[in-house]
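Survey of secondary and tertiary structure
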Amino acid sequence: MGTVPRTGWFGGKGAGPGALIKARCLNMSEKYDAAIVGSGPAGIFAAYELTVKFPQIKVILLEEGQDIYTRSCPLAEKKVSACVFCPSCAVMRGFGGTGAFSDGKYNITAKFGGWLTDYLPETLVMDLIGYVDKVNLSLGAPAAVFSSENSAIGKKALEHDLHLLGAKVRHLGTENNMLILRRLYETLKDRIIMRFNSKVERIITRKDGFTLQMAKGAEIRSDWLIAAPGRSGSEWFAGQCGELGIPVFSNQVDVGVRVELPAEIFKHITDEVYEAKLVYLTKQYGDFVRTFCMNPYGYVVTENTDGIITVNGHSYHDASKNSRNTNFALLVSNKFTQPFNQPHQYGKRIASFSNMLGGGAIMQRFGDLIKGRRTSERRLTKSFLLPTLAATPGDLSLVLPKRHMDNIIEMIYALDKIAPGTKNDDTLLYGVEVKFYSSRLELDKNMETPVKGLFAIGDGAGVTRGLAQASASGVHVARVLARRISGLP
Ligand SMILES: Cc1cc2nc3c(=O)[nH]c(=O)nc-3n(C[C@H](O)[C@H](O)[C@H](O)COP(=O)(O)OP(=O)(O)OC[C@H]3O[C@@H](n4cnc5c(N)ncnc54)[C@H](O)[C@@H]3O)c2cc1C
């Protein structure tokens, strides 16, 4: 990690190839060619590609959280029994971004994981995703790829009105995901300036670029700015967009539960496709419910979004670290129309009910939910299923709206037809799982905002919701910027 601007070649905004000037840094105020806010996959891959395409450019990467070696969660390391609400949640923030402790299911598809195809041709999105996949492979990603395209499971699902989304997925595994991030960190650390515990407080536009206001009055200037603040920075970024006059549009919020059951129940599915993304239109309400983030032999975990505890899951590639359970999310999508435009707040408030009632995440046996009673410690001890997360036994029907609960129950019965045993009494539901999506910005095909020179990428721009598309958006913007700096169209 460096703290002093590099000495070397750098070019100004709009400079042509011949306009690159060799300049000695005279320890002026901190000034860079490009600043990147956020070191999640989007910011990392923007930095990576910029340094590959344009090694002379002076880049600073600013991150509110810690570096990859320092970030650690006391709960994940079992040093505490419940979330201690660290001022900056290391699960959500730091080098590697939100998914650093995830098992890195890298979905090789443009069909889900984001909306980049609203801005770019599908072939380009697939090329970018393929490029990032190759980089990951060169850094140690496992060779195996699972495919749910033309699978037998897809046909069986269709017979029961469940729709399997076809895609290829490379499962990095929690340990490999971390290894790859460390290697990316090592690759970048000598090529760019990286600063951690460095929250950008405010973005100010100048005639010739941007000023970033940091804590304690420090300022950083740059000609170009790439904002990649992710989900955790989305509220902050929406506020900045308001000040800068950049139009934002509210996005959807997905609310639901994480299901955990014995791995054997889904084995025939997970062995074939690893992760089945199944979509179902409920008969009662006509709402879409989908399975999400399936973790064979995995673990249910909690995460802290701005002080609200929600649930998630992951699994290791190394079989010796497997649990005996499979988990996946069941999510109901909500897209609001006028006059309500705060889906983020809606998701947060629902999740805060489980925090209020359970002191964090709540778990309930499916059998208890159907019988209209809470799961107690006593009932849980009689369960044949050993939970992988120590959540509070309780009653999710007091937390989730009835419509969501009915949709989830209907989906569980539908899943039971292709994976008998899903509706067993012992199946555990953990709540609440919420997928917040940042407000979407007005962006052009270069991912550039109406403020010239300010690009926005990844989950924080509301254009992606997964590792593959977030990383791809970073590569795309870096290439656009490299062309601009070279004076090319
Ligand atoms: C537990 C978990 C598991 C997941 N598993 C998968 C998976 O298996 N497959 C998949 O495709 N996706 C997965 N995802 C989603 C995936 O991690 C995200 O889509 C991806 O990380 C988005 O990348 P990003 O770079 O846009 O944002 P992020 O990864 O969120 O990174 C943004 C970074 O910006 C920083 N930041 C924010 N505001 C500021 C500021 N003002 N100043 C400085 N820094 C700031 C944040 O601290 C953060 O580190 C998972 C997510 C979670 C939470």
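Provided above is the structure to which this section pertains.
Reference entry: report on the structure contained in this document. (Residues numbered from 1 in each chain as written. Predicted model: local features only at pLDDT ≥ 70, side-chain atom pairs only at ≥ 80, totals over all residues. Heavy atoms only, no water.)

1. Examining the overall build of the protein chain
Threshold: Put simply, DSSP marks the helices as runs of H or I at least four residues long and the strands as runs of E at least two long, and each gets a number from the N terminus on. It only takes one pair of heavy atoms within 4.5 Å for two residues to be counted as in contact. Here, Shrake-Rupley sampling with a 1.4 Å probe gives the accessible areas, and only protein chains in the shown set may cover a residue.
Counting secondary structure elements, the protein chain contains eleven helices and 24 strands. Dimensions of the protein chain along its principal axes, counting C-alpha atoms only, are 70 × 50 × 45 Å. Sequence-distant contacts in the protein chain: of pairs separated by 6 or more residues, those separated by 24 or more amount to 76%. When the accessible surface of the protein chain is totalled, it reaches about 19900 Å², and 55% of it is carbon and sulfur.

2. Overview of the site of the ligand
Note the cut-off: Here a residue is near a molecule or strand as soon as one of its heavy atoms is found within 4 Å of it. Residues adjacent in sequence count toward polar contacts only when both atoms are side-chain atoms; beyond that, a polar contact is any pair of N or O atoms within 3.5 Å, and within protein one must be able to donate a hydrogen and the other to accept it. Note on residue classes: Ala, Val, Leu, Ile, Met, Phe, Trp, Tyr, Cys and Pro are nonpolar, Asp, Glu, Lys and Arg are charged, and everything else, Gly too, is polar.
Around the ligand, 37 residues are found, and the nearest of them are E63, T98, K105, D459 and L467. One of the backbone N or O atoms of P229 is found 3.4 Å from an oxygen atom in the ligand. Interatomic distance of 3.1 Å between a backbone N/O atom of G466 and an oxygen atom of the ligand. Contact with the protein chains covers 96% of the free accessible surface of the ligand, which is 1000 Å². Across the shell around the ligand, the residue classes tally to eleven nonpolar, 16 polar and ten charged.

3. So, the nonpolar core
Nonpolar side chains in soluble globular proteins tend to be buried together. We apply this condition: Nine residue types can take part in a nonpolar core, namely buried Ala, Val, Leu, Ile, Met, Phe, Trp, Tyr and Cys, and a core is a set of them joined through side-chain atoms within 4.5 Å. Any residue under 20% of the maximum accessible area for its type is buried, any over 50% is exposed, and the rest in between are partly exposed; the area is computed with a 1.4 Å probe on protein chains only.
Of all hydrophobic cores here, the largest spans 81 residues; its most connected members are F95, L184, I203, L212 and I226. The greatest single-element share of this core, amounting to ten residues, is contributed by helix α11 (residues 467-485). When neighbours within four sequence positions are excluded, L184 is seen to be in contact with I44, F45, Y48, F95 and L139. Judged by nonpolar contacts, the second largest core, of 43 residues, contains L162, A276, V399 and L400.

4. Remarks on unusual backbone geometry
In the segment running from G431 into V432, the intervening peptide bond is cis, with an omega of 5°. Its location among the elements puts V432 in strand β22 (residues 428-436). One non-glycine residue, Y274, lies in positive phi territory at about 65°. With respect to the helices, strands and loops of the structure, Y274 is situated in the loop between α6 (263-273) and β15 (278-281). Unlike most non-glycine residues, Y297 shows phi in positive territory, near 55°. Mapping Y297 onto the fold places it in the loop between β16 (288-295) and β17 (299-305). The class for Y297 is partly exposed, based on a relative accessible area of 25%.

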